[in-house]
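# Survey of secondary and tertiary structure
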Amino acid sequence: MFINATQLTQNRAPSDASSVAFQVAIKQQKEFEEALKSSQDRREAEAAAERAQAEAQKEAARAKAVSSSDANAANLDAGSRGNSSEAAQSGDTRGASVDVEV
């Protein structure tokens, strides 16, 4: 009997122009809010990625600085040991004579 009754209620036309304007404004407002939210979410994700990248670079710089300072300390220790042994050897040879043929 009422086969098209649901279609009529769903496709009911607004009664006047002001109703149409309100419906269009509401639709546009919803679209704007959805676009704004997705834009904000994207910006927040980009900011989080930038912060993570900056933190990773800081950690890499710290690790490099620590390894460099460890290497420098090891070089200084090795250098001071080498210098003290050289000083001892040079002290032993200071009074030695050298024969030179002419």
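Our subject in this report is the structure included herewith.

What counts and what doesn't
Residues numbered from 1 in each chain as written. Predicted model: local features only at pLDDT ≥ 70, side-chain atom pairs only at ≥ 80, totals over all residues. Heavy atoms only, no water. Salt bridge = Lys/Arg side-chain N within 4 Å of Asp/Glu carboxyl O. Helix = DSSP H or I, 4+ residues; strand = E, 2+ residues; numbered from the N terminus. Buried < 20%, exposed > 50% of the residue type's maximum accessible area, 1.4 Å probe, protein only.

Close approach of charged atoms allows side chains of opposite charge to pair. Within this structure, the stated rule accounts for 2 salt bridges. Of the charged contacts, one joins D41 and K37 as a salt bridge, the two residues approaching to 3.6 Å between their closest N and O atoms. Taken as a pair, D41 and K37 lie in helix α2 (residues 17–93) at a separation of 4 residues, close to a single helical turn. Residue classification places D41 among the partly exposed positions, given a relative accessible area of 37%. Residue classification places K37 among the exposed residues on the basis of a relative accessible area of 51%. Linking E59 and R62 is a salt bridge whose minimum nitrogen-to-oxygen distance equals 2.6 Å. Highlighted residues: E59 and R62, both in helix α2, separated by 3 residues, approximately one helical turn. Overall, the relative accessible area of 40% leaves E59 in the partly exposed class.

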